[in-house]
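# Structural features, examined
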Amino acid sequence: MPNAEAAPLIRVKNVVAHYDTLEVLHNISFDVPSHAITVIMGVSGCGKSTLLKLLIGLKRPTSGGIFIGDKNLVEMTRKDLDSFRKRIGVLFQGGALFNSMTVGENIAVPLRVHTKLSEETIRIMTQLKLEMVGLAGFEDFMPSQLSGGMRKRAGLARALAMDPEVLFFDEPSSGLDPITSAGLDNLILRLKSAFGMTIVVVTHELESAFTIADRMIVMDKGRILAQGTPEEVKKSSNERVIQFLQRQPEDKYSKDSQFFETLLRKT
């Protein structure tokens, strides 16, 4: 059952962000409900990747707040940020595995850095995480020996290593075939169902978004155009949201199509 009405775990309030003098996020506000999947989507360059960097503490906003419970991420010290990052897991686009390490060694990295567990315990936990993502028995493989989908699953196993409270995905379906992408969607749904995880997914893949989302946020040019349940977003009257959901081309491409059609008729 969707849990879009759960109490928010993260609150983003009036966030503005710049790269040098260019304002890339304009007064962004939304909640991330606990134990639910929130999907942030929009066209390339809409600001969703910048927003993800803010949510995981890799970039600070120019103004506004990002509240985790009663603590403002923007005001956290380096020590507080380190503690916060131990509570989250991130699957970066492409998996971001260390190519010189085996799959098992990759997953063990956060456990070795952030805990004092014995090597035997780390080995067992590594195997458990691989089983969770359907890669049991692959701990001795190198990343170069895995398919694109398997590398993403291995990256997810590493993101799960510290049993995070919140799991972030950056374009999880990017570069995957439809069958592999569907398998990853099902895995995300199982993680929420089995462990009650709070999950934030940044994507532009419509089919994946509507498969997994409890709550959606649609962005364009650094602004939120629509947010709510998938059904509420589908009913949006915003022209840009409609264009995105219906996969309509930009006007300039429509004009290009008309030009080529005219040219073909003349030949």
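Computed from a predicted structure; not experimentally measured.

Let's shift gears to helix H1 (residues 48-55). With six of its eight residues buried, H1 lies for the most part within the structure. Taken from the residues just after H1, Gly57 is the one with a positive phi, measuring 80°.

We now examine the packing of aromatic side chains. Going through the model one piece at a time under the given rule, you end up with one aromatic pair. Seen from the ring of Phe67, Lys13 lies directly overhead, with NZ or CZ sitting 5.4 Å from the centre. Stacked on the ring of Tyr19, the Lys or Arg Lys59 has its end atom at 4.3 Å from the ring centre.

This brings us to the environment of Leu189. Mapped onto the secondary structure, Leu189 falls in helix H6 (residues 178-195). Leu189 gets classed as partly exposed once you look at its relative accessible area, which sits at 26%. On a C-alpha basis, the gap between Leu189 and Arg123 in space is 26 Å, while along the polypeptide they are 66 residues apart. Not counting chain neighbours up to four residues away, the residues in contact with Leu189 comprise Ile37, Thr211 and Ile212.

Once that is clear, we can look at the nonpolar core. Within the largest apolar cluster, 41 residues are counted, with the highest numbers of intra-cluster contacts made by Val39, Met41, Leu156, Leu167, Phe169 and Ile199. Listed in part, the 31 residues of the second largest apolar core include Val24, Ile28, Leu54 and Phe84.

So, about the sheet that holds strand S2 (residues 22-33). Taking strand neighbours across the sheet as the criterion, the four strands line up as S2-S1-S4-S5 in an open arrangement whose pairing is antiparallel. For this open sheet the edge positions go to S2 and strand S5 (71-72), each flanked by a neighbour on one side alone. As judged from the two bridges shared by strand S4 (residues 63-68) and S5, these two strands associate in the antiparallel manner. Note that in S5 the partner of Phe67 across the bridge is Asn72.

Here we take up the side chain of Asn72. Mapped onto the fold, Asn72 is located in strand S5. In terms of polar contacts, Asn72 uses its side chain to reach the backbone amide nitrogen of Ile66, at 3.1 Å. The contact partners of Asn72, leaving out residues within four places of it in the chain, are Gly65, Ile66 and Phe67.

Moving on: the sheet that holds strand S8 (residues 198-203). Taken in spatial order, the six strands make up an open sheet running S6-S7-S8-S3-S9-S10, and their pairing is mixed. The open sheet is flanked by strand S6 (88-91) and strand S10 (223-228), the only strands paired with a single partner. Adjacent strand axes in the sheet meet at a mean angle of 15°, parallel and antiparallel pairs treated alike. Pairing of strand S9 (residues 215-220) with S10 involves five bridges; the strand directions are antiparallel. Bridge pairing in S10 places Ile217 opposite Gln227. Packed on one face of the sheet, helix H5 (residues 148-159) meets S6 and strand S7 (166-170) and runs near 170° to S6.

What follows covers the pairing of S6. Where burial is concerned, the two faces of S6 agree: the one with Ile88 and Val90 and the one with Gly89 and Leu91 are both buried. Strand direction decides the pairing type here: S6 and S7, joined by four bridges, are parallel. Opposite Ile88, over in S7, you have Val166 as the bridge partner.

Enumeration according to the criterion identifies 11 salt bridges in this entry. Through salt bridges with shared partners, a single network forms among Arg78, Asp82 and Arg85.

Along the chain, Thr198 falls in strand S8. Taking the relative accessible area as the measure of exposure, Thr198 reaches 2% and is therefore buried. Separated by 2.8 Å, the side chain of Thr198 and the backbone nitrogen of His35 make a polar contact. Among residues more than four places away in sequence, those in contact with Thr198 are Leu9, Val32, Pro33, Ser34, His35, Ala36, Glu165, Val166 and Leu167.

Calculation rules
- Residues numbered from 1 in each chain as written.
- Predicted model: local features only at pLDDT ≥ 70, side-chain atom pairs only at ≥ 80, totals over all residues.
- Heavy atoms only, no water.
- Buried < 20%, exposed > 50% of the residue type's maximum accessible area, 1.4 Å probe, protein only.
- Helix = DSSP H or I, 4+ residues; strand = E, 2+ residues; numbered from the N terminus.
- Phe/Tyr/Trp six-rings, centres within 6.5 Å; stacked < 30°, edge-to-face > 60°.
- Lys NZ or Arg CZ within 6 Å of the ring centre and 35° of its normal.
- Contact = heavy atoms within 4.5 Å.
- Core = buried A, V, L, I, M, F, W, Y, C linked by side-chain atoms within 4.5 Å.
- Pairing = 2+ DSSP bridges.
- Polar contact = N/O pair within 3.5 Å; in protein donor to acceptor, adjacent residues only side chain to side chain.
- Axes fitted to C-alpha atoms, helices over the stretch in contact; angles between N-to-C directions.
- Salt bridge = Lys/Arg side-chain N within 4 Å of Asp/Glu carboxyl O.

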